[in-house]
Amino acid sequence: MPRFYCPCPLSTGQLLDLPAGAARHVQVLRLQPGGVITLFNGEGGEYQATVTRMGRSDVQVQVDAHDPVEREATRAIHLLAGITANERMDWLVEKATELGVASITPITAERSVLKLKGERADKKRSHWQAVAIAAAEQCGRNRVPTIHEACSLSEWLKTPAVQGQRCVLSLADGTQPLAQATQGDGPLVVLSGPEGGLSPAEEAQALAAGFAPVTLGPRVLRAETAPLAVLAAVLLKS
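What counts and how
- Residues numbered from 1 in each chain as written.
- Predicted model: local features only at pLDDT ≥ 70, side-chain atom pairs only at ≥ 80, totals over all residues.
- Heavy atoms only, no water.
- Pairing = 2+ DSSP bridges.
- Helix = DSSP H or I, 4+ residues; strand = E, 2+ residues; numbered from the N terminus.
- Contact = heavy atoms within 4.5 Å.
- Axes fitted to C-alpha atoms, helices over the stretch in contact; angles between N-to-C directions.
- Phe/Tyr/Trp six-rings, centres within 6.5 Å; stacked < 30°, edge-to-face > 60°.
- Buried < 20%, exposed > 50% of the residue type's maximum accessible area, 1.4 Å probe, protein only.
- 1 Å grid on protein atoms, 1.4 Å probe; cavity = no way out; pocket = protein on both sides within 12 Å on 5 of 7 lines; lining within 4 Å.
- Points joined across faces, edges and corners; volume = space filled by probe spheres on them.
- Nonpolar A, V, L, I, M, F, W, Y, C, P; charged D, E, K, R; others polar.

(A) How the structure looks around the sheet that holds strand β8 (residues 146–147). Pairing within the open sheet is parallel, and its seven strands lie in the order β8-β7-β6-β11-β9-β12-β10. This sheet does not close on itself; its edge strands, each paired only once, are β8 and β10 (176–177). Here strand β7 (residues 103–107) runs beside β8; their pairing, made up of two bridges, is parallel. Residue pairing for β8: S103 is matched across the bridge by T146. Strands in contact with helix α7 (residues 226–235) are β6 (77–82), β9 (165–169) and β11 (188–192); relative to β6, the strand with the most contacts, it is inclined by about 170 degrees.

Structure follows, in structure tokens:
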């Protein structure tokens, strides 16, 4: 059954004009009146809905039964990801959403190839949030992870958006295995670098702020692969 994110109040029995994005998607799928879809608004559970009218640019549905089902991960993982090149960052956001990440903060690191600020940063954030929405629609999540505003590690440390156990992916000596450093079930903040990794100064800053240095093993993973390996290792074991 097609699933659509609908960021507005939903209630059983309501007649609703779908938001523009969802309406376009329904039209692309060539659904007809009587067709059944699933709606979710990020506030919990999902609704079955029936298409009642197909206009040229609008689609009306009747909201039917509510199902309180949740498919969220048992542990909240908040990813601080060094910004990678365009397609790689899109892929990271998509796959992290599928794996169950709670939020993503793009980090403008010293070695980031893509530099963002101002209007360009705002457009990228909106784009990545749209990628997360599409991934949530596809994978069955009823809550969309938040894509926070891009910032430097220094800026994040001044006003951290989330709290929890902290770890940083590191190739330096003195690291510990991921499983050893991430025991427990409370929120976890994972810091990973861009292509080329974090600079020595950034890594030292992270360690001073309480991030435990962790390793994923003897192989060097790509910038977009390493944080996904953490998510898979921590979340899929439960």
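(B) A look at the packing of aromatic side chains. One pass over the full model with this rule turns up two aromatic pairs. Judged by centre distance (5.5 Å) and plane angle (50 degrees), the ring pair of Y5 and F40 falls under tilted. Placement of the pair is Y5 in strand β1 (residues 3–5) and F40 in strand β3 (residues 36–40), with a sequence separation of 35 residues.

(C) Up close: unusual backbone geometry. In this structure, R30 takes a positive phi of about 60 degrees despite not being glycine. Tracing the backbone through its elements, the reader meets R30 in the loop between α1 (20–28) and β3. R30 sits in the exposed class, given a relative accessible area of 70%.

(D) The pairing of strand β4 (residues 46–54), seen in detail. Pairing of β3 with β4, which is carried by four bridges, proceeds in the antiparallel orientation. Along β4, the bridge assignment pairs V36 with T50. Count of turn residues in the β3/β4 antiparallel hairpin: five residues, of which G42 carries a positive phi of about 85 degrees. Where β4 and strand β5 (residues 59–67) come together, seven bridges link them in antiparallel fashion. Counted as the bridge partner of R53 is Q60 from β5. Between β4 and β5, which pair antiparallel one after the other, the connecting turn spans four residues.

(E) Up close: the layout of surface pockets. Each pocket or cavity is described by its volume, and for the largest pocket that value is around 520 Å³. Taken together, 27 residues make up the lining of the largest pocket; nearest its centre are L169, S170, L171, G197 and L221. Among the secondary structure elements, those contributing two or more residues to the lining of the largest pocket are α6 (200–208), β12 (212–215) and α7. Per-class residue counts for the lining of the largest pocket are twelve nonpolar, eight polar and seven charged. Taken as a whole, the second largest pocket spans an internal volume of roughly 170 Å³. What lines the second largest pocket is a set of twelve residues, among which R71, E72, A73, E98 and L99 lie closest to the centre.

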